[in-house]
Amino acid sequence: MNDTTMPDPADRTTLREMEDRLRARMRAMEEDRRRMRTQVRVLGLGFGLTLSLLALALFAPGFVGAAPTGDIVEAQSFRLVDADGVARGEWGIDADGNTRLSLLDERRQPRLNLTVLQSGSPGMALISDSGQRRAVLGLLPDETTTLVFADGGGIPRAVLGLTRADEANLVFADAEGVTRMGMGLAGDGFGSVMMPQDTLAGPVQGQDGSD
(Lines give C-alpha, C1' and ligand atoms only; values in the text may rest on other atoms or scores of the structure.)
Protein backbone atom coordinates (compact mmCIF):
# COMPACT_ATOMS: atom_id res chain seq x y z
CA MET A 1 0.00 0.00 0.00
CA ASN A 2 1.55 3.38 -1.03
CA ASP A 3 1.38 6.70 0.80
CA THR A 4 -1.63 7.84 -1.21
CA THR A 5 -3.78 4.96 0.07
CA MET A 6 -2.60 4.75 3.68
CA PRO A 7 -5.26 6.03 6.12
CA ASP A 8 -4.22 9.22 7.84
CA PRO A 9 -3.45 8.64 11.58
CA ALA A 10 -5.77 11.51 12.46
CA ASP A 11 -8.55 9.86 10.47
CA ARG A 12 -8.01 6.56 12.28
CA THR A 13 -8.13 8.35 15.62
CA THR A 14 -11.34 10.14 14.64
CA LEU A 15 -12.90 6.84 13.52
CA ARG A 16 -12.01 5.15 16.82
CA GLU A 17 -13.45 8.08 18.74
CA MET A 18 -16.69 7.88 16.73
CA GLU A 19 -16.95 4.14 17.39
CA ASP A 20 -16.31 4.65 21.11
CA ARG A 21 -18.99 7.35 21.25
CA LEU A 22 -21.51 5.10 19.48
CA ARG A 23 -20.79 2.24 21.87
CA ALA A 24 -21.29 4.57 24.80
CA ARG A 25 -24.59 5.84 23.37
CA MET A 26 -25.77 2.29 22.71
CA ARG A 27 -24.98 1.27 26.29
CA ALA A 28 -26.96 4.28 27.48
CA MET A 29 -29.87 3.26 25.24
CA GLU A 30 -29.73 -0.29 26.61
CA GLU A 31 -30.13 1.16 30.11
CA ASP A 32 -32.98 3.37 28.91
CA ARG A 33 -34.73 0.36 27.40
CA ARG A 34 -34.45 -1.55 30.66
CA ARG A 35 -36.06 1.35 32.46
CA MET A 36 -38.74 1.56 29.77
CA ARG A 37 -39.59 -2.12 30.32
CA THR A 38 -40.59 -1.35 33.92
CA GLN A 39 -42.75 1.56 32.80
CA VAL A 40 -44.36 0.14 29.68
CA ARG A 41 -47.37 -1.39 31.44
CA VAL A 42 -48.69 2.06 32.21
CA LEU A 43 -48.07 3.76 28.89
CA GLY A 44 -50.83 4.90 26.50
CA LEU A 45 -51.98 7.07 23.57
CA GLY A 46 -52.23 10.82 24.20
CA PHE A 47 -55.14 11.74 22.01
CA GLY A 48 -57.45 9.52 24.09
CA LEU A 49 -57.35 12.04 26.91
CA THR A 50 -58.16 14.87 24.52
CA LEU A 51 -61.10 12.96 23.03
CA SER A 52 -62.45 12.14 26.48
CA LEU A 53 -62.31 15.74 27.63
CA LEU A 54 -63.88 16.92 24.35
CA ALA A 55 -66.76 14.48 24.77
CA LEU A 56 -67.32 15.70 28.32
CA ALA A 57 -67.25 19.31 27.16
CA LEU A 58 -69.83 18.63 24.43
CA PHE A 59 -72.26 16.42 26.31
CA ALA A 60 -71.73 17.40 29.94
CA PRO A 61 -70.21 20.89 30.11
CA GLY A 62 -70.86 21.20 33.83
CA PHE A 63 -68.73 18.11 34.44
CA VAL A 64 -65.58 19.84 33.23
CA GLY A 65 -66.12 22.96 35.29
CA ALA A 66 -67.96 25.05 32.68
CA ALA A 67 -70.87 25.80 35.03
CA PRO A 68 -71.39 29.52 35.81
CA THR A 69 -70.78 28.83 39.50
CA GLY A 70 -67.28 27.54 38.74
CA ASP A 71 -67.88 24.28 40.62
CA ILE A 72 -65.13 21.64 40.27
CA VAL A 73 -65.73 17.90 40.19
CA GLU A 74 -63.00 15.94 41.98
CA ALA A 75 -62.49 12.18 42.05
CA GLN A 76 -59.69 9.62 42.18
CA SER A 77 -60.96 7.70 39.14
CA PHE A 78 -63.49 7.83 36.30
CA ARG A 79 -64.90 5.03 34.15
CA LEU A 80 -66.35 5.29 30.65
CA VAL A 81 -69.01 2.69 29.73
CA ASP A 82 -70.86 1.93 26.50
CA ALA A 83 -74.62 1.55 25.99
CA ASP A 84 -74.49 -1.96 27.46
CA GLY A 85 -72.63 -0.85 30.56
CA VAL A 86 -69.33 -2.41 29.47
CA ALA A 87 -66.26 -0.47 30.58
CA ARG A 88 -64.48 1.08 27.58
CA GLY A 89 -62.16 3.51 29.35
CA GLU A 90 -60.58 4.15 32.74
CA TRP A 91 -58.92 7.30 34.05
CA GLY A 92 -57.37 7.56 37.47
CA ILE A 93 -54.41 7.34 39.82
CA ASP A 94 -52.94 3.89 40.47
CA ALA A 95 -51.47 2.54 43.71
CA ASP A 96 -47.99 3.81 42.75
CA GLY A 97 -49.18 7.38 42.23
CA ASN A 98 -49.09 7.24 38.40
CA THR A 99 -51.79 9.03 36.41
CA ARG A 100 -53.21 6.66 33.81
CA LEU A 101 -55.79 6.78 31.03
CA SER A 102 -56.66 3.43 29.38
CA LEU A 103 -58.98 2.98 26.41
CA LEU A 104 -60.43 -0.55 26.25
CA ASP A 105 -61.87 -2.73 23.52
CA GLU A 106 -65.23 -4.53 23.72
CA ARG A 107 -63.55 -7.30 25.74
CA ARG A 108 -62.40 -4.71 28.31
CA GLN A 109 -58.79 -5.23 27.25
CA PRO A 110 -56.50 -2.15 27.24
CA ARG A 111 -55.54 -1.15 23.70
CA LEU A 112 -54.37 2.47 24.07
CA ASN A 113 -52.66 3.76 27.21
CA LEU A 114 -51.49 7.18 28.32
CA THR A 115 -49.50 7.60 31.52
CA VAL A 116 -47.64 10.24 33.50
CA LEU A 117 -45.47 8.49 36.08
CA GLN A 118 -45.12 9.80 39.60
CA SER A 119 -41.61 10.92 38.64
CA GLY A 120 -43.13 13.10 35.91
CA SER A 121 -42.13 10.99 32.90
CA PRO A 122 -44.90 10.79 30.26
CA GLY A 123 -45.41 7.92 27.86
CA MET A 124 -47.87 6.22 25.55
CA ALA A 125 -48.37 2.71 24.15
CA LEU A 126 -50.22 0.84 21.41
CA ILE A 127 -51.34 -2.60 22.60
CA SER A 128 -52.17 -5.58 20.39
CA ASP A 129 -55.23 -7.81 20.63
CA SER A 130 -53.10 -10.34 22.51
CA GLY A 131 -52.10 -7.76 25.12
CA GLN A 132 -48.56 -7.12 23.86
CA ARG A 133 -47.16 -3.58 23.80
CA ARG A 134 -46.20 -3.25 20.14
CA ALA A 135 -45.15 0.43 20.09
CA VAL A 136 -44.09 2.57 23.04
CA LEU A 137 -43.09 6.22 23.13
CA GLY A 138 -41.63 7.69 26.30
CA LEU A 139 -39.78 10.71 27.64
CA LEU A 140 -37.28 9.56 30.27
CA PRO A 141 -36.19 11.60 33.32
CA ASP A 142 -32.88 12.51 31.61
CA GLU A 143 -34.95 14.00 28.73
CA THR A 144 -34.09 11.17 26.36
CA THR A 145 -36.97 10.51 23.97
CA THR A 146 -37.30 6.82 23.12
CA LEU A 147 -39.52 5.02 20.60
CA VAL A 148 -39.63 1.21 20.94
CA PHE A 149 -41.13 -1.25 18.46
CA ALA A 150 -41.81 -4.83 19.59
CA ASP A 151 -42.79 -7.94 17.65
CA GLY A 152 -45.86 -10.10 18.20
CA GLY A 153 -44.18 -11.84 21.11
CA GLY A 154 -43.48 -8.57 22.92
CA ILE A 155 -39.72 -8.65 22.19
CA PRO A 156 -38.24 -5.19 21.47
CA ARG A 157 -36.82 -5.30 17.94
CA ALA A 158 -36.08 -1.66 17.10
CA VAL A 159 -35.36 1.37 19.28
CA LEU A 160 -35.03 4.96 18.13
CA GLY A 161 -33.73 7.48 20.63
CA LEU A 162 -32.76 11.14 20.87
CA THR A 163 -30.81 12.43 23.86
CA ARG A 164 -30.85 15.86 25.44
CA ALA A 165 -27.51 16.50 23.72
CA ASP A 166 -29.21 15.90 20.30
CA GLU A 167 -27.51 12.53 19.79
CA ALA A 168 -29.72 10.29 17.64
CA ASN A 169 -29.49 6.49 17.86
CA LEU A 170 -31.18 3.59 16.09
CA VAL A 171 -30.68 0.04 17.41
CA PHE A 172 -31.96 -3.25 15.96
CA ALA A 173 -32.35 -6.56 17.82
CA ASP A 174 -33.04 -10.11 16.67
CA ALA A 175 -35.96 -12.36 17.63
CA GLU A 176 -34.21 -13.18 20.93
CA GLY A 177 -33.93 -9.52 21.85
CA VAL A 178 -30.15 -9.44 21.33
CA THR A 179 -28.82 -6.19 19.86
CA ARG A 180 -27.37 -6.89 16.40
CA MET A 181 -26.86 -3.51 14.75
CA GLY A 182 -26.69 0.12 15.74
CA MET A 183 -26.40 3.49 14.05
CA GLY A 184 -25.77 6.86 15.62
CA LEU A 185 -25.46 10.53 14.80
CA ALA A 186 -23.71 12.77 17.29
CA GLY A 187 -24.84 16.28 18.06
CA ASP A 188 -21.89 17.66 16.10
CA GLY A 189 -22.99 15.81 12.96
CA PHE A 190 -20.58 12.84 13.00
CA GLY A 191 -22.27 9.53 12.13
CA SER A 192 -21.24 5.96 12.85
CA VAL A 193 -22.48 2.42 12.28
CA MET A 194 -21.92 -0.64 14.45
CA MET A 195 -22.27 -4.02 12.76
CA PRO A 196 -23.05 -7.42 14.38
CA GLN A 197 -19.46 -8.28 15.29
CA ASP A 198 -19.16 -5.01 17.22
CA THR A 199 -22.54 -4.88 18.96
CA LEU A 200 -23.17 -5.35 22.64
CA ALA A 201 -23.59 -8.93 23.82
CA GLY A 202 -26.47 -10.26 25.87
CA PRO A 203 -30.25 -10.31 25.54
CA VAL A 204 -32.38 -7.23 25.98
CA GLN A 205 -34.74 -7.37 28.96
CA GLY A 206 -38.40 -8.12 28.25
CA GLN A 207 -41.12 -5.50 28.45
CA ASP A 208 -42.16 -6.67 31.89
CA GLY A 209 -38.65 -6.05 33.25
CA SER A 210 -37.58 -9.71 33.14
CA ASP A 211 -34.81 -11.20 31.01
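Residues numbered from 1 in each chain as written. Predicted model: local features only at pLDDT ≥ 70, side-chain atom pairs only at ≥ 80, totals over all residues. Heavy atoms only, no water.

Asks: Outline the sheet that holds strand 7 (residues 145-150), listing residues and values.
Replies: Judged by pairing direction, the sheet is antiparallel, and its 11 strands sit side by side in the order 1-2-3-4-5-6-7-8-9-10-11 without closing on themselves. One side of each edge strand has no neighbouring strand; the edge strands of this open sheet are strand 1 (77-81) and strand 11 (191-194). The average angle at which neighbouring strand axes cross in this sheet is 10°, direction not considered. Judged from the 5 bridges that link them, strand 8 (residues 156-162) and strand 9 (residues 168-173) form a sheet pairing that is antiparallel. Counted as the bridge partner of Gly 161 is Asn 169 from strand 9. (Pairing = 2+ DSSP bridges. Helix = DSSP H or I, 4+ residues; strand = E, 2+ residues; numbered from the N terminus. Axes fitted to C-alpha atoms, helices over the stretch in contact; angles between N-to-C directions.)

Asks: Just give me the short version of the pattern of salt bridges, but keep the residues and values in it.
Replies: Under the counting rule described, the total for this entry stands at 9 salt bridges. The salt bridge partner of Arg 88 is Asp 82, with a shortest N-O separation of 3.7 Å. Looking at Asp 82, the relative accessible area reads 25%, which means it is partly exposed. Taking the shortest distance from any N to any O, the salt bridge between Asp 129 and Arg 111 comes out at 3.8 Å. Here Asp 129, found in the loop between strand 5 (122-127) and strand 6 (133-139), pairs with Arg 111, found in strand 4 (residues 110-116); they are 18 residues apart in sequence, far enough to count as distant. With a relative accessible area of 26%, Arg 111 lands in the partly exposed category. Ionic contacts of the salt-bridge type, sharing partners, join the residues Asp 105, Arg 107, Arg 111 and Asp 129 into one network. (Salt bridge = Lys/Arg side-chain N within 4 Å of Asp/Glu carboxyl O. Buried < 20%, exposed > 50% of the residue type's maximum accessible area, 1.4 Å probe, protein only.)

Asks: If you had to explain the pairing of strand 5 to someone new, which residues and values would you point to?
Replies: Residues Gly 123, Ala 125 and Ile 127 line the buried face of strand 5, whereas the alternating positions Pro 122, Met 124 and Leu 126 sit on a face that is not buried. A loop of 5 residues connects strand 4 with strand 5, the two strands running antiparallel in sequence, and Gly 120 in this loop sits at a positive phi of about 105°. In this structure, strand 5 lies alongside strand 6, joined through 5 bridges in antiparallel fashion. Bridge pairing in strand 6 links Ala 125 to Val 136.

Asks: Can you break down the pairing of strand 4 residue by residue, with the values?
Replies: Bridge count between strand 3 (residues 99-104) and strand 4: 6 bridges; the pairing is antiparallel. Looking across to strand 4, one finds that Leu 103 is bridged to Leu 112. What sits between strand 3 and strand 4 in their antiparallel hairpin is a turn of 5 residues, with Arg 108 showing a positive phi close to 65°. The sheet contact formed by strand 4 and strand 5 spans 5 bridges and is antiparallel. By the bridge assignment, Asn 113 is partnered in strand 5 with Ala 125.

Asks: Run through the environment of Met 183, naming residues and quoting values.
Replies: The residue Met 183 is located in strand 10 (residues 179-185) in this model. Between the alpha carbons of Met 183 and Met 195 there is a distance of 8.7 Å; along the sequence they are 12 residues apart.

Asks: Before we move on, could you go through unusual backbone geometry and cite the residues and values that matter?
Replies: Not every positive phi belongs to a glycine, and Arg 108 is a case in point at roughly 65°. Residue Arg 108 is classed as partly exposed on the basis of its relative accessible area, which comes to 46%. A positive phi angle is found at Glu 143, which is not glycine, with a value near 70°. Within the fold, Glu 143 resides in the loop between strand 6 and strand 7.

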